[in-house]
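Analysis of the macromolecular model
As a plain string of letters, each chain reads:
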Amino acid sequence: SKKEQKIFAIESKFTEPYGTVDNFLSEKYYKPENKSIWNSLGTLYESLNIDKLPEETRTRNQKTEKGKYVLTKYKYLNALQLIKHLMGVRGEWKNKAQITLVYVWYDALGKEGFEHRNEIKEFRELIEKNTGIRFRDISYQELIYNLNKQLPYNEHKEY
C-alpha cells in the first residue's frame, strides 16, 4: 500500500501578536466554491462562531473594515490567518496527506504573553478536535534552546 504523505505547514510570527492582530476573513472565503474546503476541515466552521461585521467597524489599529467576517475571540493569535493557511494546504492535498500546522512564535513576559499562550492552547484544542489536523507550537526561545542542546559544547560557541 502507498505510504501516507506528511505535510508540515509552518507559520512564524515574531512580535506581530503583541501589536495589531485583526482576525478578519474576506467574503471570498465563504463563496460556495469554497464549501468543499470548509467541509474538508471537519466541523471547524460550525465551531468558530465567526460574525459578519456591520457595515463599518473600527479595528484595533483604527482602520475601517467593511463586509468582512471577524473572529473576536482571539486578541493575540491571528487564528483566521492560520485557518486560511489550513484551507490552502487542505485544498491542495485534499485528504491524501497527514497535515501538521506548526506555529513558531516569540514568547513575551506579562499579561500579553500569558494571554497569547492561552489562546494558542485553546486554538490547538479547537483545531485538533474539529479537523483531525495536528497543531504544534514552539516559541523561538524553546527552539533556540533545543537547537543549542544538540550542538557539541565547544563547537560554534561564538553563537
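The sections below set out a description of the structure shown in this document. Note that the coordinates shown come from a computational prediction; the quantities given were computed from them, not determined experimentally.

1. Side note on the overall build of the protein chain
- A count of helices and strands for the protein chain gives 5 helices and 8 strands.
- Listed by position from the N terminus, the elements making up the protein chain come as β-β-α-α-β-β-β-β-α-β-α-β-α.
- Looking at the protein chain residue by residue over its 159 residues, the buried ones come to 38%.
- Expressed as a percentage of contacts within the protein chain between residues at least 6 apart in sequence, the contacts between residues at least 24 apart total 71%.
- Carbon and sulfur atoms make up 50% of the accessible area of the protein chain, which amounts to about 10,400 Å² in all.

2. Concerning the environment of N78
- Positionally, N78 belongs in the loop between β6 (68-70) and α3 (79-93).
- Separated by 61 residues in sequence, N78 and P17 place their C-alpha atoms 7.3 Å apart.
- Setting aside residues no more than four positions away along its own chain, N78 makes contact with V21, D22 and N23.

3. Describing the environment of A108
- Take A108: it is sitting in the loop between β7 (97-105) and α4 (110-131).
- With 93 residues separating them along the chain, A108 and T15 place their C-alpha atoms 8.8 Å apart.
- Not counting residues up to four positions away in its chain, the partners in contact with A108 are Y18, G113 and R117.

4. Digging into the pattern of salt bridges
- Counting across every chain of the model gives 5 salt bridges.
- One salt bridge in this structure joins E11 and K13, with 3.1 Å as the shortest N-O distance.
- Given the relative accessible area of 10%, E11 is considered buried.

What counts, and where the lines are drawn
Residues numbered from 1 in each chain as written. Predicted model: local features only at pLDDT ≥ 70, side-chain atom pairs only at ≥ 80, totals over all residues. Heavy atoms only, no water. Helix = DSSP H or I, 4+ residues; strand = E, 2+ residues; numbered from the N terminus. Buried < 20%, exposed > 50% of the residue type's maximum accessible area, 1.4 Å probe, protein only. Contact = heavy atoms within 4.5 Å. Areas by Shrake-Rupley, 256 points an atom, 1.4 Å probe, with all protein chains shown as cover. Salt bridge = Lys/Arg side-chain N within 4 Å of Asp/Glu carboxyl O.

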